[in-house]
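What the coordinates show
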Amino acid sequence: MDVRAQLVMVFHLDKCIGCHTCSISCKNIWTDRRGAEYMWWNNVETKPGVGYPKKWEDQGTFKGGWVADGNHLRLRALGKGPTLLNMFFQPNMPKMEDYYEPFDFDYGNLYGAAEGTDQPVAEAFSQISGRKIETIRGGPNWDDDLSGSPLYAAKDVNLEESRIVEEYGKMFMQYLPRICNHCLNPACVASCPSRAIYKRGEDGIVLVDQNVCKGWRFCTSACPYKKVYFNWDSGKAEKCIFCFPRTETGQCNACAHSCVGRIRYVGVLLYDAEGVAQALLKPDDQLVDAHRAVILDPHDSAVREGARKNGVSDLWLEASVKSPVHALVKEFGLALPLHPEFRTLPMAYYIPSLSPVLSTPGDSHELMEHGLFPEAETLRAPLGYLASLLSGGNREVVAAVLAKLVALRSFMRARNLHQPMDAGVLEKAGLDEAAAVQLYRLFAIGGYDERNVIPAQQREEQDPYVRKGASGFGILTKAGRGK
Ligand code: SF4
Ligand code: SF4
């Protein structure tokens, strides 16, 4: 067992209101500069929809991530031959039109325009070329709230039946906030010929060394989530840094801190690095269980011993026990990985959306009138859709999570209204009363310190000379592939 510690974010999709405050906080801090205008390290997509960049989930086009090939994993796009051929050209990368041409408005024209018969307007111009843009044709959330539109929703690769969006009665919509997943098996790191991208041993954050990056853009192609961006001004790759200057001092990420819906939870997970490769060889529909098996119990003395041996401090071990992320991902099994079939083992997890519960006509309405929630199968977001997003197509996994969420709501509703409650409802879903109360606190009333348990790195207590050139607690040698 090789015990490592990872900082992880969980998103509760039911609570996201699509306000984009997270994206704006991130942009203001990290990407509000030349060459990074089009980058949204944090973005929020409307689902069903094509997302940003458009159709990023379609690996038939972009060829990102890994595939299980017999007993080993290989990058979908790269072998030795294509690597050499693609040194100067990445055929599978999204193009500018897949993102959008970044633009701003000429506000000076509102004040400085020559006198005329028309009202002066602030015309749009390209932030890359400076040329005037007559008609803006795209933006980072261009299809925001347009899930009902066949133009966008029907192109969502997760939809089994595109006609579903055309049927008003079955129409559904949800938001999907996304950051870099700081994966345990990051395709971006594996694909970089310059070894410029690395995963820090101490907290698992994946970073690009700007001094080493040569701008080959293999990482942009290889990341199946399209979360590495090319800065056209500096010629280097850039990506979400999980706000490490904040987390190192125990503060939570800007996106999580500013989140209006309080949908985000940040904390520590302990995992077995030796189990990662084997876990990812499982068939698609077994990957969620395989993920869960890699995550370790922080109460287990052997795990704690192993963690200490790898340099994980007591402060981090304490945080792993209190981690809201551990509770949501492992203990209660509510949070699921986004597209586990990409086989990068993403370390951002999502609690699938249950709402709106008043969805399909008939049974659901009747049940609600009696103070009960409907069966998971009758909810508006089709099970198959959520399974395609969050469980490698395994409907049972998603149904089990939704059943827990339904039971939790029914139980807390009865409790808060002082109505009789059948204890079997919780039991049937695999929960008990204590778990329901703990989850209710986390979901509904928990404060900042309950939702975010982030131990500081305490770098001031470490000997800088001993650690010079090292890449983390877990890896005390210089970073590099195969080391
Ligand atoms: S999401 Fe993409 S960029 Fe982030 S670690 Fe995973 S493979 Fe790399
Ligand atoms: S700030 Fe929170 S609620 Fe608003 S869009 Fe972002 S994740 Fe959703």
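Quick look at the structure, then. Note that this is a predicted model, so its numbers are computed, not measured.

So, the overall build of the protein
Along the backbone of the protein there are 20 helices and 14 strands. Within the protein, the proportion of its 483 residues that are buried is 53%. Considering only contacts in the protein between residues 6 or more positions apart, those separated by 24 or more positions represent 70%. In the structure as shown, the protein presents an accessible area of about 21700 Å², 53% of it carried by carbon and sulfur atoms.

Focus on the packing of helix H16 (residues 395-416) against helix H18 (residues 433-445)
It is the contact of H16 with H18, at a shortest axis distance of 10 Å, that shows an interaxial angle of 90°. Accordingly, the angle class assigned to the pair H16 and H18 is roughly perpendicular. On H18, the residues touching Leu405, Leu408, Phe411, Met412, Arg415 and Asn416 of H16 are Glu433, Ala436, Val437, Leu439, Tyr440 and Phe443. Within the contact of H16 with H18, the residues separate by chemical class into nine nonpolar, one polar and two charged.

Remarks on the site of ligand 2
Close to ligand 2 lie 14 residues; Cys16, Cys19, His20, Cys22 and Cys259 are nearest. Considering only residue class, the shell around ligand 2 consists of nine nonpolar, four polar and one charged.

Here we look at the sheet that holds strand S14 (residues 348-351)
Reading across the sheet, the four strands line up as S12-S1-S14-S13 and stay open at both edges, with mixed pairing between neighbours. Strands with a single pairing partner mark the edges of an open sheet, and in this sheet they are strand S12 (264-272) and strand S13 (336-337). The sheet contact formed by S13 and S14 spans two bridges and is antiparallel. When the sheet's bridge partners are listed, Leu336 is paired in S14 with Tyr350.

Observations concerning the packing of helix H11 (residues 301-309) against helix H12 (residues 314-322)
Angle between the axes and distance between the axes are the two parameters that describe a pair of packed helices. As a packed pair, H11 and H12 sit with axes 10 Å apart at the nearest point and diverge in direction by 145°. Between H11 and H12 lies a crossing whose hand is right-handed. Mapping the contact onto sequence places Arg304, Ala307 and Arg308 in H11 and Asp314, Leu317 and Val321 in H12. The residue inventory of the contact of H11 with H12, partitioned by class, reads three nonpolar, no polar and three charged.

Some details on the site of ligand 1
Around ligand 1 lies a shell formed by Cys180, Asn181, His182, Cys183, Pro186, Ala187, Cys188, Val206, Cys223, Tyr225, Val228 and Lys239. Partitioning the shell around ligand 1 into residue classes produces nine nonpolar, two polar and one charged.

Notes on the pairing of strand S7 (residues 174-178)
Put simply, side chains in a regular strand alternate between the two faces of the sheet. With five of five residues buried, S7 lies mostly within the body of the structure. By the alternation rule, side chains of S7 split into Gln174, Leu176 and Arg178 and Tyr175 and Pro177, which are all buried. The pairing of strand S2 (residues 43-47) with S7 spans five bridges and is classified as antiparallel. Following the sheet pairing, Lys47 is matched in S7 by Gln174.

Brief notes about a nonpolar patch on the surface
Judged by side-chain polarity, Tyr107, Leu110 and Tyr111 come together as a nonpolar surface patch covering roughly 400 Å² of accessible area. Note that Tyr111 resides in helix H4 (residues 108-112).

Re the environment of Tyr448
Structurally, Tyr448 is set in helix H19 (residues 448-451). Residues Tyr448 and Cys252 lie 196 residues apart in sequence; the distance between their C-alpha atoms is 9.2 Å. Once residues lying within four places of it in the same chain are set aside, the contact partners of Tyr448 are Gln251, Cys252 and His257.

Quick notes on the pattern of salt bridges
Scanning all chains against the criterion turns up 19 salt bridges. Among the salt bridges present, the one from Asp233 reaches Arg34, with a minimum N-O distance of 3.2 Å. Separated by 199 residues along the polypeptide, Asp233 in the loop between strand S10 (228-231) and strand S11 (236-239) and Arg34 in the loop between helix H1 (21-31) and S2 bring together distant segments of the chain. One salt-bridge network, in which partners are shared between bridges, spans Lys47, Glu57 and Asp156.

Thoughts on H11
Those residues of H11 lying buried are Val303, Gly306 and Ala307. Along the axis of H11, the buried positions cluster into a sector of 100°, meaning they face one direction only. Those residues of H11 that are exposed and aimed more than 90 degrees away from the buried face are Ser301 and Lys309. Tucked inside the fold, the buried residues of H11 contact strand S1 (3-12), S12 and H12. N-cap assignment for H11: the residue whose side-chain oxygen lies 2.8 Å from the backbone N of Ala302 is Asp300. Immediately downstream of H11, the backbone of Gly311 shows phi near 90°, a positive value.

Section: unusual backbone geometry
At the junction of Lys47 and Pro48, the peptide bond is cis and its omega measures out at -5° in the coordinates. The peptide bond linking Tyr52 to Pro53 adopts the cis configuration, its omega dihedral lying at -5°. By the secondary structure assignment, Pro53 is in the loop between S2 and helix H2 (59-62). Look at Lys55: it is not a glycine, yet its phi comes out positive at around 60°. Relative to the helices and strands, Lys55 resides in the loop between S2 and H2. A positive phi angle is found at Arg343, which is not glycine, with a value near 60°. Note on placement: Arg343 falls in the loop between S13 and S14. Residue class for Arg343 comes out buried when judged on its relative accessible area of 6%.

What to know about helix H15 (residues 383-390)
One turn of an α-helix holds 3.6 residues; hence residues three or four places apart share an orientation. Across the eight residues of H15, seven count as buried, placing the element largely inside the fold. Turning to H15, its buried residues are Leu383, Gly384, Tyr385, Leu386, Ala387, Leu389 and Leu390. Looking at the packing, one finds that the buried side of H15 touches S2, S7, helix H10 (287-294), S13, S14 and H16. Where H15 ends, the next residue or the one after it, Gly392, has phi of about 60°, a positive value.

Let's talk about the packing of aromatic side chains
Under the criterion given, the structure shown has twelve aromatic pairs. With 6.3 Å between their ring centres and 25° between their planes, Tyr52 and Tyr229 make a pair best called stacked. Of this pair, Tyr52 sits in the loop between S2 and H2 while Tyr229 sits in strand S10; the two residues are 177 residues apart in sequence, bridging distant segments of the chain. The buried category is assigned to Tyr52, whose relative accessible area is 1%. On the accessibility criterion, Tyr229 (0% relative accessible area) is buried. These aromatic residues form a ring-pair network of at least three members: Tyr38, Tyr52, Tyr99, Tyr100, Phe103, Phe105, Tyr107 and Tyr229. Geometry around Phe230 places Arg217 over its ring, the cationic atom sitting 4.1 Å from the centre.

Procedures and definitions
Residues numbered from 1 in each chain as written. Chains lettered and ligands numbered in written order. Predicted model: local features only at pLDDT ≥ 70, side-chain atom pairs only at ≥ 80, totals over all residues. Heavy atoms only, no water. Helix = DSSP H or I, 4+ residues; strand = E, 2+ residues; numbered from the N terminus. Buried < 20%, exposed > 50% of the residue type's maximum accessible area, 1.4 Å probe, protein only. Contact = heavy atoms within 4.5 Å. Areas by Shrake-Rupley, 256 points an atom, 1.4 Å probe, with all protein chains shown as cover. Axes fitted to C-alpha atoms, helices over the stretch in contact; angles between N-to-C directions. Parallel < 35°, antiparallel > 145°, perpendicular 65-115°, else oblique. Nonpolar A, V, L, I, M, F, W, Y, C, P; charged D, E, K, R; others polar. Near = heavy atom within 4 Å. Pairing = 2+ DSSP bridges. Left-handed = near helix turned anticlockwise from the far one by under 90°. Patch = residues over 30% accessible without salt bridge, like charges linked within 9 Å, V, L, I, M, F, W, Y side chains within 5 Å. Salt bridge = Lys/Arg side-chain N within 4 Å of Asp/Glu carboxyl O. Arc of directions from axis to C-beta. Polar contact = N/O pair within 3.5 Å; in protein donor to acceptor, adjacent residues only side chain to side chain. Phe/Tyr/Trp six-rings, centres within 6.5 Å; stacked < 30°, edge-to-face > 60°. Lys NZ or Arg CZ within 6 Å of the ring centre and 35° of its normal.

By themselves, these are just geometric observations and shouldn't be taken as functional.
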